[in-house]
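Report on the structure
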Amino acid sequence: MREPVSIGLPAAPGPDLQELMGAVARGDSDAFAGVYDRVAGPVLGLVRSVLRDPAQAEEVTQEVLVEVWRRAAHFQPEKGSAMAWIMTMAHRRAVDRVRSAQAATDREEKAALLARTPAFDEVTEQVEARLEREQVRRCLRTLTERQRESVTLAYYRGLTYREVAELLALPLGTVKTRLRDGLIRMRDCLGVSA
């Protein structure tokens, strides 16, 4: 008769992982050393398969093992094995690291794009301003001489309605009417909606 062959690591003598986790929950550092010896390799292997970067994998493995020490009291054996609980923490922590690294890369790419994009195009601004001035001049030429004179004094020289009326020796109401009519024609000529 043949002897049974076991594949994998031989079972470690002493308490099983569940019992060790109970002792770690009570603050037993020797029990944690036992947990560490049993799970460090599998945790590192899982984390490396997710992260690929050996240095980051070691860092995340260390974080997971510290979390096992701190959260051992939260382990509930009736919900699953200690190894499954630890490996779930390891997988989640590794995935979080990948997501964090991707978010940082996305932020850096976005910042680089913003840094290369000028706040405004100075040449475009100058061309648009020149075109607007030409359009205003063209529209001013469509006004009657009296309207153009009133609009020019009020809006380009900054005179009040009363000052325009005094300068042109006209009643205030007449100046207001000329300005209103001139501005309506300007608005229509410029294509500005009311």
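Residue numbers run consecutively from 1 along every chain, following the written order of its sequence. Restriction of local features to residues with pLDDT of at least 70 applies here, the model being predicted, together with a cutoff of 80 or more for giving and counting side-chain atom pairs; totals for whole chains, interfaces and linings are based on all residues. Side-chain figures throughout are based on the complete set of non-hydrogen atoms in the structure, without hydrogens or water.

1. Topic: helix H2 (residues 29-51)
Each helix is a run of DSSP H or I of at least 4 residues and each strand a run of E of at least 2, with the numbering of both proceeding from the N terminus. A helix is expected to reach a length of 1.5 Å times the quantity of its residues less one. A rise of 1.5 Å per residue sets the reference length of H2, with its 23 residues, at 33 Å; its end C-alpha atoms lie only 29 Å apart and thus fall more than 12% short of the reference. To get the bend at a residue, fit one axis to the 7 residues ending there and another to the 7 starting there, then take the angle between the axes. Approximately 45 degrees is the largest bend angle found in H2, and it occurs at Val-39, with the proline Pro-42 only one to four residues beyond. Each residue's exposure class comes from its accessible area (1.4 Å probe, protein chains only) as a fraction of the maximum for that residue type: buried when under 20%, exposed when over 50%, partly exposed otherwise. Within H2, burial applies to Ala-31, Phe-32, Gly-34, Val-35, Val-39, Ala-40, Val-43, Val-47 and Leu-51. We call two residues in contact when some of their heavy atoms are within 4.5 Å. Residues of H2 that are buried sit in contact with helix H1 (17-25), helix H3 (54-71) and helix H4 (82-116). Two to three positions downstream of the cap, the backbone nitrogen of Asp-30 sits 2.9 Å from a side-chain oxygen, assigning the N-cap of H2 to Asp-28. Whenever two N or O atoms come within 3.5 Å, that pair is a polar contact, provided that in protein one can donate a hydrogen and the other can accept it, and provided that, for residues adjacent in sequence, both atoms are side-chain atoms.

2. Quick notes on a negative patch on the surface
Surface patches are defined over residues having more than 30% relative accessible area and no salt bridge, joining like charges when they lie within 9 Å and nonpolar side chains (Val, Leu, Ile, Met, Phe, Trp, Tyr) when within 5 Å. Surface accessibility in these figures is a Shrake-Rupley result with a 1.4 Å probe; residues are shielded only by whichever protein chains are displayed. Counted as salt bridges are all cases of a side-chain nitrogen of Lys or Arg within 4 Å of a carboxyl oxygen of Asp or Glu. Asp and Glu are treated as the negative residues and Lys and Arg as the positive ones, with His and the ends of the chain left uncounted. Each charge is placed at NZ for Lys, CZ for Arg, CG for Asp and CD for Glu. A grouping of Asp-121, Glu-122, Glu-125, Glu-128 and Glu-132 is seen on the molecular surface, where their side chains present a negatively charged patch. Residue placement: Asp-121 occurs in the loop between H4 and helix H5 (122-140).

3. A closer look at the state of the cysteines
Only a pair of cysteine sulfur atoms within 2.5 Å qualifies as a disulfide here. In this structure the tally under the stated criterion is one disulfide. In this model Cys-139 forms its disulfide with Cys-189; the gap between the sulfur atoms is 2.0 Å. Classification of the bridge connecting Cys-139 and Cys-189 rests on its S-S torsion, roughly -80 degrees, and on that basis the disulfide is left-handed. Of this pair, Cys-139 sits in helix H5 while Cys-189 sits in helix H8 (residues 172-190); the two residues are 50 residues apart in sequence, bridging distant segments of the chain. By relative accessible area, Cys-139 is classed as buried at 0%.

4. As for the confidence of the model for the protein chain
Atom-level detail of predicted coordinates should not be read off regions where pLDDT is low. Across the chain, each position has a pLDDT score giving the predictor's confidence in that residue, from 0 to 100. Confidence along the protein chain averages 87 in pLDDT terms, with 90% of residues attaining 70 or more. Counted against residues more than four places away or in other chains, residues 4-8, with its pLDDT under 50, gives zero contacts.

5. Focus: the environment of Val-50
Tracing the chain through its elements places Val-50 in helix H2. Judged by relative accessible area, Val-50 falls into the partly exposed class, the value being 25%. The sequence separation of Val-50 and Arg-97 amounts to 47 residues, and the corresponding C-alpha distance is 9.4 Å. Leaving out residues up to four positions away in the same chain, Val-50 has contacts with His-91, Ala-94, Val-95 and Val-98.

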